[in-house]
Amino acid sequence: LVKTGGDGSAVSMLPQPFATSAMMQNSDIAIAVDLNDEWEELTSSPLITGVVVASSDFIEENPTLVENFLKEYKKSVDYVNSDIEGAASLIGKYGIIAENVALGAISLCNIVLIRGKEMVRALDEYFNILYSFNENSVGGSVPTDALYYTP
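Residues numbered from 1 in each chain as written. Predicted model: local features only at pLDDT ≥ 70, side-chain atom pairs only at ≥ 80, totals over all residues. Heavy atoms only, no water.

This part is about the overall build of the protein chain. Looking only at helices and strands, the protein chain has seven helices and three strands in total. Along the chain direction, N to C, the helices and strands of the protein chain fall in the order β-β-α-β-α-α-α-α-α-α. In the protein chain, the share of contacts with a sequence separation of at least 24, taken over all contacts with a separation of at least 6, comes to 54%. In the form shown here, the protein chain has an accessible surface area of approximately 10,100 Å², with 54% of it arising from carbon and sulfur atoms. Distance between charge centres in the protein chain, computed from 8 positive and 21 negative side chains, equals 9 Å. (Helix = DSSP H or I, 4+ residues; strand = E, 2+ residues; numbered from the N terminus. Contact = heavy atoms within 4.5 Å. Areas by Shrake-Rupley, 256 points an atom, 1.4 Å probe, with all protein chains shown as cover. Lys, Arg positive; Asp, Glu negative; His and termini not counted. Charge placed at Lys NZ, Arg CZ, Asp CG, Glu CD.)

Next comes the structure, spelled out in structure tokens:
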């Protein structure tokens with residue numbers, strides 16, 4: 001959540017890196033609440049904003065490919081978090097977002113790879129919270145453990 005205006009007269013909800021981009025363009029914009037921090041305080045798990053999805057058939061037919069992908073994904077996550085300048089340079093080079101925005105936003109993006117029991121717990125909690133507010137937000141029922149890839 002970011003507040004705008006010198007008098008705090010407007011509030012917007014922007015994900016990273018858009019919040020950082022907005023703050024870089026207007027010095028009156030500031031982070032008022034970090035939803036990741038608030039979610040973790042309430043749930044003891046990270047706020048899930050992105051997942052990798054594959055069909056059961058694909059996973060069963062390509063177990064080595066899936067595991068290799070996940071290993072490379074982990075390397076990518078580790079690289080971005082350990083070499084922010086290098087990652088920001090690549091992000092800018094490939095036109096994902098401007099390098100200066102990436103440089104300011106990466107440390108605020110909470111880029112992680114969660115697998116196994118920790119992933120199941122975090123997503124189950126996330127789905128249950130959504131379900132408690134509106135059953136239709138998760139398709140009418142909380143997904144079962146069959147949804148998760150946990151080799």
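Turning to a nonpolar patch on the surface, a few remarks are in order. Judged by side-chain polarity, Tyr79, Leu90, Tyr94 and Ile96 come together as a nonpolar surface patch covering roughly 430 Å² of accessible area. Residue position: tyrosine 94 is located in the loop between helix 5 (84-93) and helix 6 (99-105). For tyrosine 94, a relative accessible area of 57% translates into the label exposed. (Patch = residues over 30% accessible without salt bridge, like charges linked within 9 Å, V, L, I, M, F, W, Y side chains within 5 Å. Salt bridge = Lys/Arg side-chain N within 4 Å of Asp/Glu carboxyl O. Buried < 20%, exposed > 50% of the residue type's maximum accessible area, 1.4 Å probe, protein only.)

All told, the structure shown has four salt bridges when counted by the stated rule. Among the ionic pairs, lysine 75 bridges to glutamate 72, the shortest N-O distance being 3.2 Å. Separated by three residues within a single helix, lysine 75 and glutamate 72 lie in helix 4 (residues 63-82), roughly one turn from each other. Judged by its relative accessible area of 52%, lysine 75 falls in the exposed class. For lysine 74, the salt bridge is made with aspartate 78, and the minimal N-O distance between the two is 2.8 Å. Here lysine 74 pairs with aspartate 78, and both are found in helix 4, just four residues apart, close to one helical turn. Look at aspartate 78 and you get partly exposed, because its relative accessible area is 38%.

Let's shift gears to the packing of helix 4 against helix 5. Orientation of helix 4 relative to helix 5, taken along the N-to-C sense of each, is 110°, at an axis distance of 5 Å. Put simply, helix 4 runs roughly perpendicular to helix 5. Mapping the contact onto sequence places Tyr79, Val80, Asn81 and Ser82 in helix 4 and Ile84, Gly86, Ala87 and Leu90 in helix 5. Taken together, the residues that form the contact of helix 4 with helix 5 break down as five nonpolar, three polar and no charged. (Axes fitted to C-alpha atoms, helices over the stretch in contact; angles between N-to-C directions. Parallel < 35°, antiparallel > 145°, perpendicular 65-115°, else oblique. Nonpolar A, V, L, I, M, F, W, Y, C, P; charged D, E, K, R; others polar.)

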